[in-house]
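What the coordinates show
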Amino acid sequence: MKLLDRYNRFSLLTTILVIVVTGFVYYFTISYILTGQVDKDLLVEEHEIFDYVKLNNRLPQVFKSEDLTIRFEPIKRDTVIRQFAQTRFYDEKEHDQESGRTLFSSVKVGPQLYRIQITESTVETEDLIRVIFIITLSIIFVLLIILLLINRVLMRKLWEPFYLTLKQIKLFNLADRNGICPVDTHIDEFYDLNQEVTAMSQRVLQDYQSLKSFTENASHELMTPLAVIISKLETLMQDVDITERQGVLISEAYTTVDRLKKLNRSMLLLARIENKLMPDQDDIDLSLFVENKMLEFQELLADKGIIVIQDLRYRQLRINRDLLNILFNNLLGNAISHNRAGGQLIIHLNELSLSFCNTGTAVALNEQTIFQRFYKSPESEGTGLGLTLVKQICDNYGFILSYTFEDKLHCFKVRFST
Amino acid sequence: MQNFDLTVKILVIEDEQGLRDSIREYFAGGGNICETASDYTSALEKINMYRYDCILLDITLPNGNGLDILEALKANHYPDGVLIISAKNSLDDRLQGLDLGADDYLTKPFHLSELKARVMAIVRRKSFDGNREIIFHELTINLLAKQVSVCNLPVKLTKKEYALLLYFMANKGKVISKNAIAEHLWGDEIDISDNFDFIYSHIKNLRKKLIDTGSRDYIQSAYGMGYKFTDH
C-alpha cells in the first residue's frame with residue numbers, strides 16, 4: 001500500500017469519526033439551547049397564569065395561538081408533579097400530529113385544583129436544528145473532499161522528487177557506470193535522501209571501478225610471469241637429452257600453465273565485456289559466419305564422427321566480431337567436446353534466434369549453475385568460464401541465453417533482441 | 001635440390017629478462033641474429049644505429065612507451081618489420097599499434113613457436129626479392145598459391161594441414177607443443193585440451209600425405225610433449 005493511500009485512509013477515517021462525534025455534540029448542544037429557550041417561554045406563560053389566578057381568582061380565558069396551547073383540567077388531589085416533557089399534539093390548523101414541548105403544572109382556584117398543560121410546538125425549532133445540521137454537515141463534507149483532492153495532487157507533487165530518486169535507484173546498474181543524478185528539490189528530507197543516495201552511488205561506482213581495475217591489473221601482472229614460465233618450459237623442451245619421464249613431466253606442467261593462461265585471459269575478457277570496453281561493431285551475416293565456423297571446425301567434427309544438421313536462414317547482426325567469435329567458439333567447442341562419438345549437432349538460425357543442440361550425456365545439466373563462474377562438469381578440462389563468457393556477451397547485447405534438455409538433446413539458444 | 005633457409009636479424013625490446021633470454025635462445029641458431037634491448041633508451045639507440053628484419057616490441061618499458069619507439073621508426077621511414085608483444089590485450093593498444101604501422105600484435109603470454117611463426121611471416125612479407133616459396137629439401141611451399149609440392153608433385157592438403165605445415169616450417173628443428181599447435185589452428189578460446197588425440201591424428205594425416213607423395217618423414221614426436229619438424 002502506498003504511503004499516500006495509507007495516510008489518506010487513516011486521515012479519512014479519523015475525520016469521519018470526528019465529524020460524526022462533533023455532529024452529535026453539535027446537534028445536542030443546539031437542541032439543548034433551543035429547548036431551554038422554549039422552556040423559558042413556557043415558564044413565562046405559567047407565571048402569567050399564576051399572576052392572573054392570584055389577581056382574578058379564576059382561570060384565564062383559554063385562547064389559541066399559533067404555536068401555544070393551554071389546557072386546564074380540574075383534578076381532585078394534589079398529584080401533579082411540575083415538569084417539562086416532550087409531547088405530541090394535534091395541530092388543528094395543519095391537521096397533523098406535531099411534536100411539542102409541554103409544561104405540566106397545577107394551580108388552585110379556590111378549593112378546586114386544576115392541572116395546567118402548556119404546550120408549545122417545537123416543529124420550527126426542530127426544522128431549524130435540522131437545517132443548521134445539514135448545512136454544517138455539507139460544508140464539512142465538501143471541505144473533506146476538497147482536502148482529499150488537494151492532498152492527492154499536492155502529495156503527488158510533493159513526493160515527486162522521491163519517486164524520481166527511487167526510479168534512478170531502480171535503474172542503477174554497476175556495469176553501466178551511470179551514477180544517480182541529483183534531483184532538484186526544496187524539501188529537506190528528499191534533498192538529504194537524494195544527496196546521500198547520489199554520494200553512495202558514486203562511492204559504490206568508485207569502489208566497483210577500483211575493484212575492477214584491480215582485477216584487471218592483477219590479471220595483467222600475471223601475464224608476464226606466465227609468459228616467462230611458458231617460454232622457459234618451451235626452451236627446456238628443446239633440450240636434446242630429455243628422458244621420456246622428464247618429457248611427460250614437462251608436458252604436464254606446460255598444459256597446466258596453459259590452462260592458467262586461458263583462465264586469466266577469460267577473466268580479463270569478462271572484465272572487459274562488463275566494462276563495455278569492446279565497443280566497435282560490424283554488421284555480420286550470421287549464416288555466412290556459421291558456415292565459415294563449420295569449415296573451421298570440420299576436422300574436429302569429422303574426427304569425432306559428429307553429424308551436423310544445419311538449418312540456416314539469413315540473419316544480419318550488429319556485433320563485435322571478436323565477441324561473436326568467442327561466443328561461437330565456446331558454444332561450438334562445448335557441443336563438440338561434450339558430444340559422444342558419432343553424435344549429432346543441430347544448428348538452427350532464423351530471424352529470432354540461434355540454437356545449438358547436441359547429443360551427449362543422458363542427463364540434463366542444471367540450468368541454474370551452468371552459467372555461473374567457474375562451474376564445470378567434473379569431466380571437463382576447461383576453465384569453467386566459457387559459458388559465463390557466452391552469457392556475459394549475450395547480456396551485453398540484450399540477447400537471452402537459455403538451456404533446455406529435450407529428446408536427449410542439450411540445447412543452447414540465443415534469442416536476439418528485437 | 002637447393003635448401004632455402006631464411007635467416008633473420010631481429011631485435012627484442014623487452015624488459016623482462018627471463019622472457020628476453022628465452023626468445024633469444026629460441027631464435028638463435030640457423031644463422032639468425034638476435035639482439036636485445038631491455039629499456040626505452042637502449043632500444044632507441046639500437047634502432048637508430050642498426051636495421052633489423054623484425055623488431056619484437058614490448059609496449060610497457062622502463063622509462064618509456066614502446067609505441068613511441070614505433071613512432072620513431074615510422075618517422076625515420078625505417079623499413080623494419082614490427083611485432084608488438086604486450087601483456088595488454090586491450091583493443092586500444094592493438095589498434096593504436098597497428099595504426100602506427102606495426103605489422104602484427106601478439107598478446108603475452110604466447111608460445112615461442114607462435115612468435116617465431118609470426119616473425120617469419122612478417123619477414124617473408126617484407127622481403128623484397130619476391131621469394132614467395134619456401135623450399136625444404138624436396139618440399140616446396142608456394143605461399144601465394146598456398147600449394148605444397150614434393151618434387152614438383154602437388155600434395156592436396158586441407159587448409160588446416162597447410163597451416164600446420166607452414167607452422168612446422170617456421171619452427172624447423174624445434175619441439176612444438178601440442179598446446180601451441182591447437183592454439184595456432186583453432187584459437188585459444190576453444191578448449192580442446194582433452195582432444196590432443198585429435199592433433200595426433202591430424203599430424204598423422206599430414207605425414208601420410210607427404211610421405212605418400214614421396215617426401216621423407218620430417219615430423220617426429222617428442223615424448224608426449226609435442227612434435228618436431230627436422231631433417232636429422
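Above this text you will find the structure in question.
Owing to the predicted nature of the structure, the values given are computational and were not obtained by experimental measurement. (Residues numbered from 1 in each chain as written. Chains lettered and ligands numbered in written order. Predicted model: local features only at pLDDT ≥ 70, side-chain atom pairs only at ≥ 80, totals over all residues. Heavy atoms only, no water.)

A closer look at the overall build of chain A
Basically, it comes down to this: Only runs of H or I of at least four residues qualify as helices and only runs of E of at least two qualify as strands under DSSP, and these elements are numbered from the N terminus. Between buried and exposed lies partly exposed: a residue is buried under 20% and exposed over 50% of the maximum accessible area for its type, with that area taken using a 1.4 Å probe on protein chains only. Throughout, a residue-residue contact means that at least one pair of heavy atoms, one from each residue, lies within 4.5 Å. Surface exposure here means Shrake-Rupley accessible area, sampled with a 1.4 Å probe, where a residue is shielded only by the protein chains that are shown.
Looking only at helices and strands, one finds nine helices and eleven strands in chain A. For chain A, buried positions account for 41% of its 418 residues. Across chain A, the fraction of contacts at a sequence separation of at least 24, relative to all contacts at a separation of at least 6, is 66%. Surface exposure of chain A reaches about 25000 Å², of which carbon and sulfur atoms provide 59%.

So, the interface of chain A and chain B
Quick reminder of the rule: Reported buried area values correspond to the accessible surface (1.4 Å probe) lost by two parts on association, with both partners' losses combined. Just to be clear on terms, a salt bridge is a Lys or Arg side-chain nitrogen sitting within 4 Å of an Asp or Glu carboxyl oxygen. Two N or O atoms form a polar contact when they lie within 3.5 Å of each other; inside protein one atom must be a possible hydrogen donor and the other a possible acceptor, and for residues adjacent in sequence the pair counts only when both atoms belong to side chains.
Each partner contributes residues to the interface: chain A has 42 residues there, and chain B has 45 residues. Summed over both partners, the interface of chain A with chain B buries about 4000 Å², with 56% contributed by carbon and sulfur atoms. Run the count over chain A and chain B and you get two salt bridges. Note that Arg265 of chain A and Glu183 of chain B form a salt bridge whose closest N and O atoms lie 3.8 Å from each other. In this structure, the connection of chain A to chain B is made through 17 residue pairs in polar contact (both at pLDDT 80 or more). At the level of elements, α3 (188–237), α4 (244–274), α6 (298–304) and α7 (321–337) of chain A are the ones that each hand at least two residues to the side of chain A that touches chain B.

Looking at the pattern of salt bridges
The final tally for this structure, using the stated rule, is 25 salt bridges over all chains. Arg152 of chain A is paired through a salt bridge with Asp5 of chain A; the nearest N and O atoms lie 3.3 Å apart. With Arg152 of chain A in helix α2 (residues 123–171) and Asp5 of chain A in helix α1 (residues 3–56), this pair connects stretches of sequence that are 147 residues apart. Take Asp5 of chain A: its relative accessible area is 33%, and that puts it in the partly exposed class. Linking Lys126 of chain B and Asp103 of chain B is a salt bridge whose minimum nitrogen-to-oxygen distance equals 3.5 Å. Within this pair, whereas Lys126 of chain B is found in helix α5 (residues 112–126), its partner Asp103 of chain B is found in the loop between α4 (91–99) and β7 (104–107), the two being separated by 23 residues in sequence. A relative accessible area of 27% places Lys126 of chain B in the partly exposed class. We classify Asp103 of chain B as partly exposed; its relative accessible area is 24%. Linked through salt bridges whose partners overlap, the residues forming this network are Asp258, Lys261 and Arg265 of chain A together with Glu183 of chain B.

Digging into the sheet that holds strand β9 (residues 353–358) of chain A
Residue and element names in this part refer to chain A. Just so we agree on the cut-off: Paired strands, in this sense, are two strands between which DSSP finds at least two bridges. Helix axes use the C-alpha atoms of the stretch in contact, all axes being lines fitted to C-alpha atoms, and the angles between their N-to-C directions lie in the range 0 to 180 degrees.
If you trace the five strands from one edge of the open sheet to the other, you get β6-β8-β9-β11-β10, paired in mixed fashion. At either margin of the open sheet sits one strand with a lone partner, and together these are β6 (307–312) and β10 (400–406). Recorded for the sheet is a direction-independent mean angle of 10 degrees between the axes of neighbouring strands. Sheet topology places strand β8 (residues 344–349) next to β9; five bridges connect them, and they run antiparallel. Opposite Ile346, over in β9, you have Cys357 as the bridge partner. Helix-sheet contacts for α7 involve β8, β9 and β11 (409–415), and the interaxial angle to β9 is about 25 degrees.

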